[in-house]
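Results of the structural survey
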Amino acid sequence: MFKPYLNQALAIAIAGLSLGSCAQKEEHTAGPAKEEFGQEFRAPAYPLITIDPYTSAWSTTDNLYDSPVKHWTGRNHSLIGAVQVDGKTYRFMGKEEIPLQPVINTAKYEEWEGKYVTEKPAEGWEQADFNDGPWTSGKGAFGTPNTFKTVTPWETKEIWVRREFTMPEISEGAELYLVYSHDDDFELYLNGKEIVNTGNRAKSNLSMKLDKSLLNKDGKNVIAAHCLDRGGLAYVDFGIFKESDEKPVFGETAVQNSVKITATQTKYNFTCGPVDLALEFASPLLMDDLDLLSRPVNYVNYEVTANDGESHDVKVYFEATPEWAVNELNQEVEVSTGKTGSVNFAKAGTTQQAILKTKGDNVGIDWGHFYLASEAADDKVISIGDFTGTKSAFLENGETKSESASMNAVLTKKMPVMTFVQSMADVSDKAASGYIMIGYNDIESIQYFGDNLKAWWTKNGEVSFDKALTSAAADHDDVMSRCDAFDKEVYEEAVNAGGEHYARLCQLAYRQSIAAHKLVKDTKGTTLFLSKENFSNGSIGTVDVTYPSAPLFLKYNPELLKGMLNPIFYYSESGKWTKPFAAHDVGTYPQANGQTYGGDMPVEESGNMLILTTAIASTEGNADYAEQHWETLTTWANYLLKEGLDPENQLCTDDFAGHFAHNVNLSVKAIMGIAGYGKLAKMLGKDDVAEKYTAEAKRMAQEWIRMADDGDHFRLTFDKGETWSQKYNLVWDKLLDLGIFPEDVAKKEIAYYLTKQNKYGLPLDNRRTYTKSDWIVWTATLAEDKATFEKFIDPVYAYVTDTPDRVPMSDWYETPDAKQVGFQARSVVGGYYIKMLEK
């Protein structure tokens, strides 16, 4: 049975929090009291459905009904919920957003004519009357060959594009929108007026309202754009769109009373006139059960209770669109209904089914099928229908009716919906409850060095998705109990380790970090837990993304961390990667066929691999995993001995800050890697090797102190005084009990950092005011006591609750004003759990 305590409001007033509108009804309580472990605080975005990098949906507003549900990239993954009470309908989730209609199309609809150059043009290039006759003609979109909707290849660092057009006739009152996609830095002008300047960003299908006075209604118009590619993929596309003539149906909303977050659940409470609605989004990502963690099915639990002592006729409505199953809205989909065992479902997928073909960062899945499902019962109806007509029918009579058992549609022309309705007669102060399931069957999950691999849960194809759905229904109550128990464990451990604010950060990070990975096995049965480098370049299995993510998995299941390291070990040991240091990645998600990143990070990645292998051994109490890869680890350790103390000019994990030589923090990583290798050798009984490498690490540490000393702190680079940086890599000396650096090194750094904090945290180094939240938590863990640790954590928590950027938690932001610089929804927030690794 569904938990009867779910619908209590528990709107706890927490001093200093920015709670949003949900805090205004804290006196409201519905249902019996029960100890809860979700805390109410304003998150940048609230996790709803978190399965993997493709099926990951979030609420980006304080109230669940203030905006459409969105994928972590910002694309709409429409999920709408409404409750009808005695004939009156209240929308509690999502918002109807009819797709914009093209006026001047983007390449997603049709290729377009433009002019371009790749060398800096003369001044005035953005003006409408500029002579672009010598420019090269090309067709949009422009970008990396064979990606997105690229027509004209662009493979240089920069591109300048001009597009001339005449506006077609549109109705006087119609609003116009610029729709654009870019990778990376982008500026755009309309008839010479700058209207977009993104800085370091890469986004797809953004829209902004146009000032129509900038347009020449009867003559020539020019959109001019400039884009800078920082590495990885490149892309430029733009057009002008107008609003659809269709209008929203579900106008009236419920009143949101509270929203709380636990590790595996997000819990809402609403008032819908005379009834209260409790809603739970549950992602059973339990790391002690990899079959369950991998099963691509989430639950949405709901419970309705009268709040006026009367009895009411209630109908609950959920709706999803095929936007979940396409990369572009101009792709044709098939939508249908079906039944398996005791489960009814509606599903949607593209008709083309180009399995594992679409790769990259800011993209959606366009193979496999999205599912909206529920247990079969007389009072529950699953159907498909028209976007507006289905809602209108429910608004009028509380029912939906399938137009047919299946339908095909192109979403830019017609938007079908998949719907669920449950009728609940005579709802009183005794709760009525139910749940739906959201799932995705991707058929094939990863291409791994030429082999297409299915997800872990399929048991190499032996378990069907029908079986996964019926098992999820049968397991529902047990799984929810296990989630509750685990959520309590996470919260209590995190509070004890780092305080209340730290615990809340950990709860918010949990699902985000796990769902940025895909769990599979290779053809030999080796575990692979492959990350997607979300919103940075789309790489798969990136080592310097694994490194900051690792603490969460070290804490709850080191086998998953092995699954993150295994592809890099295989890459070297198979002979496919022949360099004497570790690779950066193994491809671009979901194609793991070899490194695609443009530059190597020799010291960074070798140090990462050695440190994490040591951490696994320390956690497990044996070095068996290291022994399997000893030859490779030895190669990397020897590379660090030679090149690690004073690194030459090269990339590191903070590559967005630029290349530089003599990186003091990177040197710490090299020393920690060598020390880790010595520890592993000792655990394996290789005493001579252990003594040699441990002694070298200690010698290098003393040399490091001499070269980096800058009085009351240590430098950013060995060759520049009056500089500083976070030495977060030093944390492993403490956690792994390596004993390489004197304790006063960390003490000196911590004391200095406390003088450099801004309102929202400690900058990464002296060069800029931006920071990385994961590294702050690592740096804070160097503190000797909890009170000092919290001095670093409280500003990070303030960033999370104050940031104006409503995206799944960014780890790269400005410390003076909490604004996002880049990155979002990345797995690196798993690094917040590092404090919980202290013995």
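Now for a look at the structure at hand.

**Some thoughts on the overall build of the protein chain**
- In terms of regular secondary structure, the protein chain is built from 15 helices and 37 strands.
- Over its C-alpha atoms the protein chain spans a radius of gyration of 27 Å, differing by no more than 12% from the 28 Å that the globule rule assigns to 839 residues.
- When its C-alpha atoms are laid out on the principal axes, the protein chain stretches across 80 × 75 × 50 Å.
- The burial tally for the protein chain puts 65% of its 839 residues in the buried class.

**Some remarks on the packing of helix α7 (residues 602-620) against helix α9 (residues 630-643)**
- Viewed as axis vectors pointing N to C, α7 and α9 meet at an angle of 130°, and their least axial separation amounts to 10 Å. It follows that α7 is oblique to α9 by the angle criterion. α7 and α9 meet at a crossing whose hand is left-handed. Side by side, α7 and α9 meet where Pro 602, Val 603, Ser 606, Gly 607, Met 609, Leu 610 and Thr 613 of the first sit next to Leu 633, Trp 636, Ala 637, Tyr 639, Leu 640 and Glu 643 of the second.
- Considered class by class, the residues forming the contact of α7 with α9 number 9 nonpolar, 3 polar and 1 charged.

**Looking at helix α5 (residues 543-556)**
- Helix length check: α5, at 14 residues, gives a terminal C-alpha distance of 20 Å against a target of 20 Å (1.5 Å per residue), a fit within 8%.
- The largest bend along α5 measures about 50° and falls at Ser 549, with the proline Pro 551 one to four residues further on.
- Of all 14 residues in α5, 13 are buried, a share of seventy percent or more.

**Things to note about the pattern of salt bridges**
- By the definition in use, this model includes 39 salt bridges.
- In this structure, the salt-bridge partner of Glu 749 is Lys 727, at a minimum N-O distance of 3.1 Å. Taken together, the residues Glu 749 in helix α13 (residues 743-753) and Lys 727 in the loop between α11 (687-708) and α12 (731-735) connect sequence positions 22 residues apart.
- Given the relative accessible area of 1%, Glu 749 is considered buried.

**Some thoughts on the side chain of Asp 544**
- With respect to the helices and strands, Asp 544 occurs in helix α5.
- Lacking a salt bridge, the buried Asp 544 has Arg 826 as its closest oppositely charged neighbour, with an N-O distance of 6.5 Å.
- There is a polar contact of 3.4 Å between the side chain of Asp 544 and the side chain of His 584.

**Quick notes on helix α2 (residues 387-397)**
- By the burial criterion, the buried members of α2 are Phe 387, Thr 388, Thr 390, Lys 391 and Phe 394. Along the long axis of α2, the arc covered by the buried residues comes to 170°, so they all point the same way.
- Contacts from the buried residues of α2 go to β4 (79-85), β5 (88-93), β22 (312-320), β26 (380-386) and β28 (416-427).
- The residue sitting at the N-terminus of α2 and contributing the capping side-chain oxygen is Asp 386; that oxygen lies 3.1 Å from the backbone nitrogen of Thr 388.
- Where α2 terminates, the next one or two residues include Gly 398, which has phi positive at roughly 75°.

**Re the packing of aromatic side chains**
- Using the criterion set out here, one finds 62 aromatic pairs in the structure.
- Ring plane angle 35° and centroid distance 4.7 Å describe the contact between Tyr 317 and Phe 394, whose orientation is recorded as tilted. Of this pair, Tyr 317 sits in strand β22 while Phe 394 sits in helix α2, and the two are 77 residues apart along the sequence. Like Phe 394, Tyr 317 is buried.
- With 5.2 Å between their ring centres and 70° between their planes, Phe 486 and Tyr 556 make a pair best called edge-to-face. Of the two residues, Phe 486 sits in helix α3 (residues 465-498) while Tyr 556 sits in helix α5, which places them 70 residues apart along the sequence. Residues Phe 486 and Tyr 556 agree in their burial class; the two are buried.
- By way of ring pairs, the aromatic residues Tyr 46, Tyr 65, Phe 92, Tyr 268, Phe 270, Phe 281, Tyr 302, Phe 318 and Phe 420 are connected into one cluster.
- Lying over the aromatic face of Phe 789, Lys 835 brings its terminal NZ or CZ to 4.7 Å of the ring centre.

**Details of a negative patch on the surface**
- On the surface, Asp 86, Asp 308, Glu 310, Asp 313 and Asp 426 cluster together into a patch of negative charge.
- Note that Asp 313 resides in strand β22.

**Structural notes on the packing of α3 against helix α15 (residues 786-802)**
- The contact between α3 and α15 brings their axes to 8 Å, and the two run at 105°. Considered as vectors, α3 and α15 are oriented roughly perpendicular to each other. Side by side, α3 and α15 meet where Val 495, Asn 496, Ala 497 and Gly 498 of the first sit next to Lys 786, Phe 789 and Glu 790 of the second.
- Of the residues contributing to the contact of α3 with α15, the split by class is 3 nonpolar, 2 polar and 2 charged.

**A closer look at the side chain of Thr 73**
- When you line up the elements, Thr 73 lands in the loop between β3 (70-71) and β4.
- Take Thr 73: its relative accessible area is 7%, and that puts it in the buried class.
- Among the polar contacts listed, one links the side chain of Thr 73 to the backbone nitrogen of Arg 75, at a separation of 3.5 Å.
- Not counting residues within four places of it along the chain, the set of residues in contact with Thr 73 comprises Asn 362, Phe 535 and Gln 824.

**Notes on the pairing of strand β11 (residues 158-166)**
- One ladder, built from 3 bridges, connects strand β7 (residues 112-117) with β11; its direction is antiparallel. Across the sheet, Tyr 116 pairs through a bridge with Val 161, a residue of β11.
- Pairing of β11 with strand β16 (residues 220-228), which is carried by 9 bridges, proceeds in the antiparallel orientation. Across the sheet, the residue bridging to Glu 158 is Leu 228, located in β16.

**Some points on the pairing of strand β1 (residues 46-50)**
- In terms of residue burial, β1 counts as a mostly covered element, since 5 of its 5 residues are buried.
- Relative to strand β2 (residues 56-59), β1 runs antiparallel, the two being bridged by 4 bridges. Bridge pairing in β2 places Thr 50 opposite Ser 56.
- Counting the residues in the hairpin turn of β1 and β2 gives 5 residues.

**Things to note about the sheet that holds strand β27 (residues 406-410)**
- Spatially, β18-β19-β20-β21-β29-β25-β24-β23-β27 is the arrangement adopted by the 9 strands of the open sheet, whose pairing is antiparallel. In this open sheet, the two strands that pair with only one neighbour each are β18 (255-261) and β27. Across the sheet, the mean angle from the axis of one strand to that of its neighbour is 15°, orientation sign disregarded.
- Where strand β19 (residues 265-272) lies against strand β20 (residues 275-282), 8 bridges are found, and the strand directions are antiparallel.

**So, the sheet that holds strand β36 (residues 812-814)**
- Overall, antiparallel pairing links the 3 strands, which are arranged β35-β36-β37 in an open sheet. Every other strand in the sheet has two partners, leaving β35 (770-772) and β37 (820-822) as the edge strands with one partner each. Taken pair by pair, the neighbouring strands of this sheet meet at an average axis angle of 35°, ignoring direction.
- As paired strands, β36 and β37 are joined by 2 bridges and run antiparallel to one another. Within β37, the residue paired with Trp 812 across the bridge is Gly 822.
- Against the sheet, helix α14 (residues 773-780) contacts β35 and β36, and its axis sits at roughly 70° relative to β35.

**Comments concerning the nonpolar core**
- Residues Trp 704 and Trp 732 are the most contacted members of the largest nonpolar core, which totals 220 residues.
- It is α3 that provides the largest number of residues to this core, a total of 13 residues.
- Excluding residues that lie within four positions of it along the chain, Trp 732 makes contacts with Tyr 547, Leu 554, Ile 611, Leu 612, Ala 615, Met 672, Asp 737, Leu 738, Trp 778 and Ile 834.
- Counting 29 residues, the second-largest nonpolar core is a separate cluster that includes Val 103, Met 167, Phe 186 and Cys 227.

**Here's the deal with the environment of Ser 207**
- Tracing the backbone shows Ser 207 in strand β15 (residues 202-209).
- Those residues in contact with Ser 207 that sit more than four places away from it in its chain are Leu 100, Leu 178 and Val 179.

Cut-offs used in this document
What you see as residue numbers is a count from 1 along each chain, following the sequence as written. It should be noted that, the model being predicted, local features are given only for residues of pLDDT at least 70 and side-chain atom pairs only at 80 or more, the latter also being counted only at that level, while totals for whole chains, interfaces and linings use all residues. The side-chain numbers reported here are obtained from all heavy atoms of the structure, hydrogens and water having been left aside. The secondary structure listing takes helices from DSSP runs of H or I that are at least 4 residues long and strands from runs of E that are at least 2 residues long, numbered from the N terminus. Here the globule rule is a power law, 2.2 Å times the number of residues to the power 0.38, and the radius of gyration is based on C-alpha atoms. Each residue's exposure class comes from its accessible area (1.4 Å probe, protein chains only) as a fraction of the maximum for that residue type: buried when under 20%, exposed when over 50%, partly exposed otherwise. The angle between two axes is taken between their N-to-C directions and runs from 0 to 180 degrees, where each axis is a line fitted to C-alpha atoms and a helix contributes only its stretch in contact. Roughly parallel means an angle under 35 degrees; roughly antiparallel means over 145; roughly perpendicular covers 65 to 115; every other angle is labelled oblique. Here a crossing is taken to be left-handed if its near helix is turned anticlockwise relative to the far helix by less than a right angle, and right-handed if that turn runs clockwise. Two residues qualify as a contact provided that any one of their heavy atoms is within 4.5 Å of a heavy atom in the partner residue. Residues are sorted three ways: Asp, Glu, Lys and Arg are charged, Ala, Val, Leu, Ile, Met, Phe, Trp, Tyr, Cys and Pro are nonpolar, and all the rest, Gly among them, are polar. Expected helix span is given by 1.5 Å per residue-to-residue step, counting one fewer step than there are residues. Consider a residue and the seven residues that end there alongside the seven that start there; fitting an axis to each set, the bend is the angle between those axes. Should a side-chain nitrogen of Lys or Arg be within 4 Å of a carboxyl oxygen of Asp or Glu, the pair is scored as a salt bridge. Neither His nor the chain ends is counted toward charge; the positive residues are Lys and Arg and the negative residues Asp and Glu. Two N or O atoms count as a polar contact when they lie within 3.5 Å, although within protein this holds only if one can serve as hydrogen donor and the other as acceptor, and sequence-adjacent residues are included solely when both atoms are side-chain atoms. The arc in question is the one traced by the directions running from the helix axis out to the C-beta atoms. A pair of aromatic rings is counted whenever rings of Phe, Tyr or Trp (Trp by its six-membered ring) have centres within 6.5 Å, and the orientation is called stacked for planes under 30 degrees apart, edge-to-face for over 60 and tilted otherwise. By definition, being over a ring means that NZ of Lys or CZ of Arg is both within 6 Å of the ring centre and within 35 degrees of the ring normal. Candidate patch residues must exceed 30% relative accessible area and have no salt bridge, after which like charges are joined if within 9 Å and Val, Leu, Ile, Met, Phe, Trp or Tyr side chains if within 5 Å. With residues, only the protein chains shown are counted as cover, and all accessible areas are computed by Shrake-Rupley using a 1.4 Å probe. Think of each charge as sitting on NZ of Lys, CZ of Arg, CG of Asp or CD of Glu. Here a strand pair is declared whenever DSSP counts at least two bridges between the two strands. Working definition of a nonpolar core: buried Ala, Val, Leu, Ile, Met, Phe, Trp, Tyr and Cys residues. They are joined through side-chain atoms within 4.5 Å.

By themselves, these figures tell us nothing about what the structure is for.
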